[in-house]
Amino acid sequence: MTAQGQSATSMAQPAVPTWQPVGPLQVSTAAWNLVTGSILSVAADPSDTSGNTVYLGTSGGGVWKSVNAAADPASVQFLPLTDTYKVPAGSLTSLSIGAVSVQPGGTGIILAGTGDPGESASSWYGVGILRSTDSGNTWSLIQNSTLAPSGLRFSFTGSAFAGFAWSTVTPGLVVAAVTESGYAAIANLGSSGQAGLG
């Protein structure tokens, strides 16, 4: 192969895409200076055909939303949605969100499963599902599930959510992938949400 042939071959190589950070940006704290949590889950609103409305679930940082995610990277903004959530006494232990999902059909319903599904000791456990019916403006906490037909209640304390899947046949039906967080195993919290005996 000639030098000229090599030059033509190398010029035909596709360009390597460049990654650019779009947020959320770090938050300044007195104790830890600039901090940020890793992103554990991304959910695009399926009713927004422009692709601009995106929700993020973060490790220790709650749920974040962008309404211009498809814009120029320099102008993309994410805003925290759960930083001001009023926690029921003694319930929510952290704002780690392992899974976030938007119900199809433009209903405004968002589910954010608490707990980090990673296996490390820093994978904080959750206590349930944060549910919003107004696209993330307000939230309520679902702390347990009732198993049909037995009526047994399952507590989500100690759990971590890894994903959600909405039914395409029954619009109100959603299935969650739930596991025990790494920290819950260390803290001896079982799937029942009660402290272990040993």
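Here is what the cut-offs are and how they apply
Residues numbered from 1 in each chain as written. Predicted model: local features only at pLDDT ≥ 70, side-chain atom pairs only at ≥ 80, totals over all residues. Heavy atoms only, no water. Helix = DSSP H or I, 4+ residues; strand = E, 2+ residues; numbered from the N terminus. Buried < 20%, exposed > 50% of the residue type's maximum accessible area, 1.4 Å probe, protein only. Contact = heavy atoms within 4.5 Å. Areas by Shrake-Rupley, 256 points an atom, 1.4 Å probe, with all protein chains shown as cover. Pairing = 2+ DSSP bridges. Axes fitted to C-alpha atoms, helices over the stretch in contact; angles between N-to-C directions. Core = buried A, V, L, I, M, F, W, Y, C linked by side-chain atoms within 4.5 Å. Phe/Tyr/Trp six-rings, centres within 6.5 Å; stacked < 30°, edge-to-face > 60°. Lys, Arg positive; Asp, Glu negative; His and termini not counted. Salt bridge = Lys/Arg side-chain N within 4 Å of Asp/Glu carboxyl O. Polar contact = N/O pair within 3.5 Å; in protein donor to acceptor, adjacent residues only side chain to side chain.

Caption draft 1: Here's a closer look at the overall build of the protein chain. When its secondary structure is counted, the protein chain shows two helices and 14 strands. Taken across its 198 residues, the protein chain has 34% of its residues classed as buried. Looking at the protein chain alone, contacts between residues at least 24 apart form 44% of all its contacts between residues at least 6 apart. If you sum the accessible surface of the protein chain, you get close to 11,600 Å²; carbon and sulfur atoms cover 58% of it.

Caption draft 2: Molecular detail of the sheet that holds strand E9 (residues 129-132). Strand order in the open sheet formed by four strands is E7-E8-E9-E10, and the pairing between neighbours is antiparallel. The outermost strands of the open sheet, each flanked by one partner alone, are strand E7 (97-102) and strand E10 (140-142). This sheet shows a mean twist of 25 degrees between the axes of neighbouring strands, independent of strand direction.

Caption draft 3: View of the environment of alanine 121. The topology assignment puts alanine 121 in the loop between strand E8 (110-114) and E9. Spatially, the C-alpha atom of alanine 121 lies 8.4 Å from that of serine 181, the residues being 60 residues apart in sequence.

Caption draft 4: Molecular detail of the nonpolar core. Ranked by internal contacts, the top residues of the largest apolar core, which has 15 residues, are Tyr55, Val63, Val100, Ile110, Ala112, Leu130 and Trp139. In terms of residues, this core owes the most to one element, E7, which gives three residues.

Caption draft 5: Just the sheet that holds strand E6 (residues 79-80), in detail. One open sheet holds the four strands; their spatial order is E3-E4-E5-E6, and the pairing between them is antiparallel. Every interior strand has two partners, whereas the edge strands, strand E3 (39-44) and E6, have only one. In this structure, strand E5 (residues 62-66) lies alongside E6, joined through two bridges in antiparallel fashion. Looking at E6, one finds that lysine 65 is bridged to leucine 79.

Caption draft 6: Here's a closer look at the environment of proline 21. Here proline 21 is to be found in the loop between helix H1 (3-11) and strand E1 (27-29). Owing to a relative accessible area of 76%, proline 21 belongs among the exposed residues under this scheme. For the pair formed by proline 21 and valine 76, sequence separation is 55 residues and the distance between their alpha carbons is 9.4 Å.

Caption draft 7: Just the packing of aromatic side chains, in detail. As enumerated under the stated definition, the model contains four aromatic pairs in all. Each ring, one from tryptophan 124 and one from tyrosine 125, has its centre 5.5 Å from the other, and the planes form 15 degrees; the classification is stacked. Taken together, a centroid distance of 5.7 Å and an interplanar angle of 75 degrees make the contact between phenylalanine 154 and phenylalanine 156 edge-to-face. Phenylalanine 154 sits in the partly exposed class, given a relative accessible area of 26%. Every member of this aromatic cluster is reached through a ring pair, and the members are Phe154, Phe156, Phe161 and Phe164.

Caption draft 8: Layout of the environment of alanine 43. Within the secondary structure, alanine 43 sits in strand E3. The exposure class of alanine 43 is buried, given its relative accessible area of 8%. Counting along the chain gives 10 residues from alanine 43 to threonine 53, while the straight-line C-alpha distance between them is 8.7 Å. Each residue touching alanine 43, except ones within four places of it in the same chain, is listed here: Thr53, Val54, Tyr55, Val100, Ser101 and Val102.

Caption draft 9: Focus on the side chain of aspartate 45. Inspection of the secondary structure assignment puts aspartate 45 in the loop between E3 and strand E4 (54-58). Despite its burial, aspartate 45 pairs with no opposite charge, the nearest such side chain being lysine 65 at 6.6 Å. A polar contact of 2.7 Å, which involves the side chain of aspartate 45, links it to the side chain of serine 47. If we ignore the near neighbours within four places in the chain, the residues touching aspartate 45 are Thr53, Tyr55 and Val102.

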